[in-house]
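Listed here are the chains, written in short residue letters.
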Amino acid sequence: MEMDPLEVFEIQMPGEDYGADKYREIIMDILQDLGLIRSIGRLYVYVNIDTPYFAVLGMIRGKQPPLRVRDVGDLVPTEGGYQITVEDEEHMASLIRVLWGAFGREKVEQPDRNVLVVLSDRSPEELVVADLETEFRRDLMDALVRIAPEGFRNRRNEMGKDGFFFLAAEETITPELIAEAKEKIGGMQNA
Amino acid sequence: MLDPVMFTGGVYKHDLVTELIEDLGGYLLQKNVTQSEVILLMLVPHQDMPVLQALTKELKGKLERAPLAGTEIAVVTPTLAIHHLPHPACDVAEYLRRNGAKSNMIGMGRGVAREIAQIDEYETALINEHDAVVFTFGNFADCILKKEHLYRTLTIPVIVTGGPEMKKEDLPYAFEYVANVGRIAHRSRKATEIGSLDNIIAAVGRALDSVRAQISKDPLTTTPPRVMEVVREQVPDVTASLSPLPIALNLNGLRIKLPFEEYHEAVEGVTFDEGVTLGEIAKVMPSRMKSYILVRILPTSETGFVV
């Protein structure tokens, strides 16, 4: 499904207009801080302050492919192995860990801060350095916990393939509450 | 009449300012040295202000009025979690500090949520040691109304801040309510946000004035800055305290940052020029904050004299 970043972003908080405006700002700020805005296509937020509960339904834009060794650095064959030059050090730690796992510690050398040498005739090109999809979902979960008001400590989270549903409430979450929240958000989607 | 002012300037020759304050009969409340800059918080006799202004000009420093100097204000957040900190609570605390107050941030143990929020006896007593308190609440009108019980038992003026506009009569236990603060996830930088911070300062100023008016009906036996001076002289260990402000002033006393058990006798025994000891004109008791000493000066009606 093709979507623009945050092409739909709706908030409903019956009786709390000011809160709705402010929460729009808070959600934008937090998604921006965690670099998630581009990965979310649609977002519906419904808050009932009488019960009270806080529900979010979101659609995720596309799937992110796993990050491989060839994506994080320049790979050149050298004498007795391969040399990897890393420009962006963000994934350095996981890169070393993956190489250690695949070739063993004694086969991986680091002659310089951003240079790694693998002593093997097998190319490390296709090894997976980071699973961006899992990282994204972890960040998304973190963002939702940060966004929901802190007093709403009972949380329920449903992560699907291309969407998520998050519910936070002060009291115990019952199947009826989940059904009510989903119905309200369904109404927003169809409106 | 003493004017509260803040001097900001270079470290070089700043001792001229402190000496002048001493000569004029003013008080140096706090001295903060940050690398080559120094910030002095002082109380200066009103009629001598031109002298200090002239010296400040000569030293190329800056002299500002610090209306909240000599007071301690608590900034209370429902918890210490990321939802309430650092914005906007730190902005409020920092703004109070810039206006001369000593601000303490207090995160409540169980201040969250609408139905389960509560305050305990220790938190109440700790907040009551301050001159005024700012409660930072969120963006839901309903929650602000229902969290009233958190500050109902406090004896000091309470400034409540939150997002939505509220009617004063809906919050009878609050001294004042300041709107447009609420929960935000960024630093206060827009003009409207800074304006709200100014509103908080103004509200705190009015709250402190009401406390001052109350005290003036039955004046204290002596002033807190004077007690601070003699304690500094006669209990020199206080100057070795590692706290940024070893003696914090309140409107009706002070907090001395030394362990109570070891030092309370020395503090009670501090003698004024008139011959009375601090123990005779003030209550010296353990503070709820760490193991510090809390001094509460008795009113004239209890001691029958003024020193």
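Keep in mind that what you see is a predicted model, and the values were worked out from it rather than measured.

**A few points about the overall build of chain A**
Assigned secondary structure in chain A consists of five helices and eleven strands. For 191 residues, the compact-globule estimate of 2.2 N^0.38 gives 16 Å, and chain A exceeds it by more than 25% at 22 Å. Each principal axis of the C-alpha distribution contributes one length, and for chain A these read about 70 × 30 × 25 Å. Considering only residue pairs separated by 6 or more positions, chain A has 57% of its internal contacts joining residues 24 or more positions apart. Accessible surface for chain A amounts to roughly 10100 Å². Of this, 45% is attributable to carbon and sulfur atoms. Looking at chain A, you have 22 positive and 37 negative side-chain charges, and the mean spots of the two groups are 4 Å apart.

**Thoughts on the interface of chain B and chain A**
Taken together, the 23 residues of chain B in the interface contact 26 residues of chain A. Overall, the association of chain B and chain A removes approximately 2000 Å² of surface from exposure, summing both partners, and the carbon and sulfur fraction of that is 57%. Classifying every residue of the side of chain B that touches chain A gives eleven nonpolar, seven polar and five charged.

**Some remarks on unusual backbone geometry**
Cis geometry is found at the peptide bond from T51 of chain A to P52 of chain A, where omega equals -15°. With respect to the helices and strands, the residue P52 of chain A is situated in the loop between β2 (40–48) and β3 (53–60). For the bond running from L85 of chain B to P86 of chain B, omega is -5°, close enough to zero to count as cis. Although it is not a glycine, L6 of chain A sits at a positive phi angle of roughly 45°. Assignment of secondary structure puts L6 of chain A in the segment before β1 (8–12). The class for L6 of chain A is buried, based on a relative accessible area of 14%.

**Quick word on the sheet that holds strand β11 (residues 163–169) of chain A**
All names here are of chain A. Reading across from one edge, β1-β2-β3-β11-β10 is the order of the five strands in this open sheet, with mixed pairing throughout. The outermost strands of the open sheet, each flanked by one partner alone, are β1 and β10 (154–159). Recorded for the sheet is a direction-independent mean angle of 10° between the axes of neighbouring strands. Relative to β11, β3 runs antiparallel, the two sharing seven bridges. Directly across from M59, in β11, lies its bridge partner G163.

**Re the layout of surface pockets**
All names here are of chain B. In this structure, the largest pocket spans a volume of roughly 710 Å³. Taken together, 25 residues make up the lining of the largest pocket; nearest its centre are L2, L43, R212, P225 and L251. In terms of residues, the lining of the largest pocket owes the most to one element, helix α6 (residues 191–217), which gives six residues. Counted by class, the lining of the largest pocket contains 15 nonpolar, six polar and four charged residues.

**With respect to the packing of helix α1 (residues 15–24) of chain B against helix α2 (residues 49–58) of chain B**
All names here are of chain B. Contact pair α1 / α2: the axes reach a minimum separation of 11 Å and the direction vectors enclose 170°. On the basis of the axis angle, α1 is roughly antiparallel to α2. Contacts between α1 and α2 involve L16, V17, L20 and I21 from the first element and V51, L52 and L55 from the second. Residues that form the contact of α1 with α2 fall into these classes: seven nonpolar, no polar and no charged.

**Re the pattern of salt bridges**
All names here are of chain A. Per the stated rule, a full pass over the model turns up 24 salt bridges over all chains. Salt-bridge contacts for R113 lead to E89; the nearest nitrogen and oxygen are separated by 3.1 Å. Here R113 is found in the loop between β7 (108–112) and β8 (115–118), whereas its partner E89 is found in the loop between β6 (81–86) and α3 (92–103), with 24 residues between them in sequence. Under the relative-accessibility criterion, R113 is labelled exposed at 60%.

**Side note on the pairing of β6 of chain A**
Residues and elements named next belong to chain A. Among the six residues of β6, five are classified as buried, and the element is accordingly described as predominantly covered. Of the pairings in the sheet, the one linking strand β5 (residues 73–78) to β6 comprises six bridges and is antiparallel in character. By the bridge assignment for β6, P77 is matched with Y82. Linking two consecutive strands that pair antiparallel, namely β5 and β6, is a turn of two residues; a positive phi of about 75° is found at G80 within it. Relative to β8, β6 runs antiparallel, the two sharing four bridges. Bridge pairing links Y82 to V118 in β8.

Calculation rules
Residues numbered from 1 in each chain as written. Chains lettered and ligands numbered in written order. Predicted model: local features only at pLDDT ≥ 70, side-chain atom pairs only at ≥ 80, totals over all residues. Heavy atoms only, no water. Helix = DSSP H or I, 4+ residues; strand = E, 2+ residues; numbered from the N terminus. Rg over C-alpha atoms; globule rule 2.2 N^0.38 Å. Contact = heavy atoms within 4.5 Å. Areas by Shrake-Rupley, 256 points an atom, 1.4 Å probe, with all protein chains shown as cover. Lys, Arg positive; Asp, Glu negative; His and termini not counted. Charge placed at Lys NZ, Arg CZ, Asp CG, Glu CD. Buried area = accessible area lost by both parts, 1.4 Å probe. Nonpolar A, V, L, I, M, F, W, Y, C, P; charged D, E, K, R; others polar. Buried < 20%, exposed > 50% of the residue type's maximum accessible area, 1.4 Å probe, protein only. Pairing = 2+ DSSP bridges. Axes fitted to C-alpha atoms, helices over the stretch in contact; angles between N-to-C directions. 1 Å grid on protein atoms, 1.4 Å probe; cavity = no way out; pocket = protein on both sides within 12 Å on 5 of 7 lines; lining within 4 Å. Points joined across faces, edges and corners; volume = space filled by probe spheres on them. Parallel < 35°, antiparallel > 145°, perpendicular 65-115°, else oblique. Salt bridge = Lys/Arg side-chain N within 4 Å of Asp/Glu carboxyl O.

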